[in-house]
Amino acid sequence: MVQSSLPVMLIGVPLAAAGVVFTLGRWTRLCREGAAVGGALLTLYLAVLAVGQVLSGASLNCCQMALNLDGLSALLVVLVTLVTAIVIFYSLHYMYHQLRKGLTTEARLVTYYGLLMVFLAAMMWVCTTNSLIWMYVALEATTLATALLVCFFWTRASLEAAYKYDMLVVAGVCFALFGTVLLYSAAAQYAPGRPALLLTELGQIIPKIPPSVSLLAVAFFVVGFGTKAGLVPFHAWLPDAHAEAPAPISALLSGLVIKVGAYALARTITIFAPHYNAVIVFVAIMASASMLIGIFMAWAQDDLKRLLAFHSVSQIGYVIEGLGFGTYLGIYGGLFHLVNHTLFKSLLFLSVGAVMYATGGLRRISQLKGLGKRMPITAACFFIGAIAMGGLPPLNGFWSKLTLFMAGSELHLWWAVVIAVLVSILTLGCMVHAGYKIFWGHPTTALVTNPGLKEVPVAIWLSMAVLAILCIVIGVYPQIIHPLLHRGTECILAVYRAGAIP
Amino acid sequence: MIAIAEISARDLLVPLVAAPLIGALLCVFLKRRASDYVAAIFATITLVLAAGAIGNLFSDLDATHRVPLGWLVNIAGESRPAPLVFELSIDALGALMLFVVTVIGFLVVIYSSEYLSPRNVEHPVANGKGRYYAWLLLFVGAMVGIALAGNFFQLFIFWEITTLCSWALISYYQDEASLRAGFKALIMTAIGGLFFVLALVLMYLNLDTDPFAFDALGRLAPGLRSLVFVFLLVAAWAKAAQFPFFTWLPDAMAAPTPISCYLHAAAMVKAGVYLIARVVSASYGLSYGVGLLTGIMALATIFIVVFLFLFQDDLKKILALSTISHLGYILIGCALGAWGSATAFQGGLLHIAAHGCGKGLLFLSVGMITYFTGTRRISELSGVGRRLPIVAVGFFVGAFTVTGVPPLAGFWSKFLILTGGLELGGFAAVIAILLLIESMIAFGFFLWVGQRVFFGSPSFDAPPAKAVAWPMTTAVIILAVLCLVVTLFALPVIQHIPLGM
């Protein structure tokens, strides 16, 4: 427990950047793109500082414990800032290109970068807050910030998608509010004169609450945060929103927004899981259903972005299953998969964005063929993402899936392991199939044989390359991320252990 | 000179794995002739290093040289010691595999420099060679990694890399057929890979110390041991194209012929049988049942394939089917080994080398036929021997090697397997007799194919005198010589491979 102003600064810096973008961004690019890049990089720097301190064993808090940055928060904070910075860098050229094509205006770009910064601030807030109620509020803030980004192009389809996204997620996350209120009403008497719903103290209070109340609360949390995470059957918003948003925003949605849902679940259900065997099975059933339905729907898609969106539904199942197991291996694997999925799914969405950039917006598998010869870097990035998601070594997805298989076997949940293994092979098949349809073979359609078709500029593929290299580095040398994952896992287990003592 | 003499096998292992990987990385950025040279140089370096490592091992063939490289993260928390050790190790069995992988890998790289050219009649290739060599060298590197793996876990990592490489290489021409074939190979072998994962998970959960060591199976409870063995066997079936997973291999003939050669003779499919040989060699107390399962499934594969032979017109597909049945021979050698016959086990191991050389030679010969004529249909070919005498010699030597004509290598390996089977008696003797029958059918069939393709009046004009294609001819000649002599130095090594009992 160390008093530190880092958590506040993590939220404050992007907010300040957002302020600069909204007020001055209209006049110069420096205050628009410049402020966004500066804000993201500065936040990333602060996040790295925070990680350094957390790894040495501290947890940083401020504002009378309202904000608390522990190992799990640090993991999310550094992941969110890193991916956001990469996506912003990708956006610089990508959105400027949209501007030149007349699809958007300078004033709209102010909104774009401003909202990105607000989004970053909200994400920082979710990850560092120490109160369950404020976590709910911050979660809604991220929804609102991204909803306006989803409908950025003001097309009919994107407006509909954003409306659906907003309605479903806000309504869904309300269940989490019910859960929180329920928990508060039960917990308040045990924490007189203190805030009752601090995450750091929840572990001690939970065992005193009647099981019926806490089981009901868990159900509410799973529905609420599960909606945000895109868990089946609350996933209806996800494919539309992912498909209609601009490519960089899709990467953020799939890479980060659904992950905060998983993060919130990690903070809440794992508190209960060890006490109630039923919770483990309940979560495993939900997660397995999510994996299966997600992958079956993905096989049926022709639209690349919808295909990736359904893969997100499927992959988030792995994350939540691992977190639900409640054992060291399970939580470790869940968090590991959370990190890996963020990296490779952002990479895949950015690659599809590059394909759309080069072909003038084509994103149907049936319309594309043989792009690999013209766009070798994009093809390589896509395949790295695809194989990482398919869980083949030596890429990062393999390690987290292996950990999850081990965790499931350790609990003797064989049916869950079999489903996870089956979905893994289906994922590999689906992604590689899509990849070779798009990038390999001999081009046939007029658009693809068009001589003007060429590799995207370096400003775009550099972001993808960074993500691809991260996938490879973690795959070849998984130790690199172990300390942070270990620390994050310990944070969750510590709450559980505190609760386990009667 | 003294300094060179003091280099031990251990010092060579890390550069041995690194050399092909570095070569692969360089080839990504190269084109045409430059990539030929770089690939050839790195293949040569790999070969020389491998020769050094194997040569060093000859001083003490019972030894295992290990180079520990580090531990994997300890995902089990503090409750258990970190289990996984990354290590390169070489022993007699690894040396055998290393020999096959690097020699044939080297020859395939040399051969490819001519095969992938605009002069190739069947598939003229003008560019894309850098990508080809990159994947091929990565393949060689992964196979070296399998041969040098010190435990199951590490073997699995390299195993999956070979899956990726074969997928990319089978799809190399990127027409519909090859894309489909590559995808099929990837999915079928990845399914096998998941069984391997399950086996690893079971080992990890049930063993506290060294869960992935090669002798892990012996330390499991008997029921669990059989289960883990069956999982590994399924993985090996998928990789080694055994029934019921064998269909991907004939389809994979859509690959360029040197790749088919490497896939069949040395790499991909041999990884599967190598895994089973590893298990049988290192673990004791395998039950009679798992040996029976291995043997019967291999026998079933062999006889299914023999019937498929008769309906084939495509030379490469015949070779593919023949590969499947010969992998069955190796697995039967392992199965008899699990029943306690060291002779049969050694025969199976020798067959890895013998079949590698023989089948490699056959593929390279057929590759030369398609290179000059543009067809590989038996019905469209005749009199090839008149036009391409070296190819004819290569084909017949290869065919006699794999069908087991003395004094070629295949004879000795089959002889050992049959002897082992007859020694054991009972059902093993029945297996041996059935193998003998299959051998005779295959021999007759290959004779018929050879006579049809190489004799008679030539179906095509003589290639221009300029097109001697020396890289291809050299590779064929070297392999033909190896078919004769490989037993001489493989057998002493094989006799030092233990059989866990």
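Residues numbered from 1 in each chain as written. Chains lettered and ligands numbered in written order. Predicted model: local features only at pLDDT ≥ 70, side-chain atom pairs only at ≥ 80, totals over all residues.

Once that is clear, we can look at the overall build of chain A. Broken down by element type, chain A carries 19 helices and three strands. For 502 residues, the compact-globule estimate of 2.2 N^0.38 gives 23 Å, and chain A sits close to it at 22 Å. The principal-axis extents of the C-alpha atoms in chain A amount to approximately 70 × 55 × 40 Å. Every one of the 502 residues in chain A was classed for burial, and the buried ones make up 63%. Counting contacts in chain A only where the partners sit at least 6 residues apart, residues at least 24 apart contribute 79% of the total. (Helix = DSSP H or I, 4+ residues; strand = E, 2+ residues; numbered from the N terminus. Rg over C-alpha atoms; globule rule 2.2 N^0.38 Å. Buried ≥ 20, exposed ≤ 12 C-beta atoms within 10 Å, placed from the backbone. Contact = placed C-beta atoms within 7 Å.)

Before going further, it helps to examine the domain arrangement of chain A. All names here are of chain A. With domains assigned, chain A is organised as domain 1 (1-130) and domain 2 (131-500). For domain 1 versus domain 2, the distance between C-alpha centres works out to 20 Å. Counting residues at the interface gives 38 residues for domain 1, matched by 46 residues for domain 2. Within the residue set of the side of domain 1 that touches domain 2, elements represented by two or more residues are helix H2 (30-55), helix H3 (71-100) and helix H4 (106-128). For the side of domain 1 that touches domain 2, the element with the highest residue contribution is H3, accounting for 18 residues. Split by residue class, the side of domain 1 that touches domain 2 holds 28 nonpolar, nine polar and one charged. (Domains from an automatic or database assignment. Nonpolar A, V, L, I, M, F, W, Y, C, P; charged D, E, K, R; others polar.)

Residue and element names in this part refer to chain B. Of note, Ile-318 is situated in helix H14 (residues 315-338). Taking the C-beta count within 10 Å as the criterion, Ile-318 has 23 such neighbours and is therefore assigned buried. Taking the C-alpha atoms as reference points, Ile-318 and Val-306, 12 residues apart in sequence, are found 9.8 Å from one another. Beyond its immediate stretch of four places on either side in the chain, Ile-318 contacts Phe-309, Gln-312 and Val-449.

Spatial strand order, E1-E2-E3 (chain A): three strands in an open sheet with mixed pairing. Both edges of this open sheet fall to strand E1 (2-3) and strand E3 (67-69) of chain A, since each of them pairs with a single strand only. (Pairing = 2+ DSSP bridges.)

This part covers the interface of chain A and chain B. Often, the extent of an interface is quoted as the loss of accessible area on bringing the components together. Listed as interface residues are 27 residues of chain A and, on the opposing side, 23 residues of chain B. At eight residues, helix H16 (residues 414-439) of chain A tops the list of elements feeding residues into the side of chain A that touches chain B. For the side of chain A that touches chain B, the class distribution of residues is 17 nonpolar, nine polar and one charged.

What follows is about the packing of H2 of chain A against H3 of chain A. All names here are of chain A. Two elements in contact, H2 and H3, have axes whose closest approach is 9 Å; the angle formed by their N-to-C orientations is 155 degrees. Judged by the inter-axis angle, H2 sits roughly antiparallel to H3. Crossing hand, H2 versus H3: left-handed. Contacts between H2 and H3 involve Glu-33, Ala-36, Val-37, Ala-40, Leu-41, Thr-43, Leu-44, Ala-47, Val-48, Ala-50, Val-51 and Val-54 on the former and, on the latter, Gly-71, Ala-74, Val-77, Val-78, Thr-81, Leu-82, Thr-84, Ala-85, Ile-88 and Leu-92. Partitioning the contact of H2 with H3 into residue classes produces 17 nonpolar, four polar and one charged. (Axes fitted to C-alpha atoms, helices over the stretch in contact; angles between N-to-C directions. Parallel < 35°, antiparallel > 145°, perpendicular 65-115°, else oblique. Left-handed = near helix turned anticlockwise from the far one by under 90°.)

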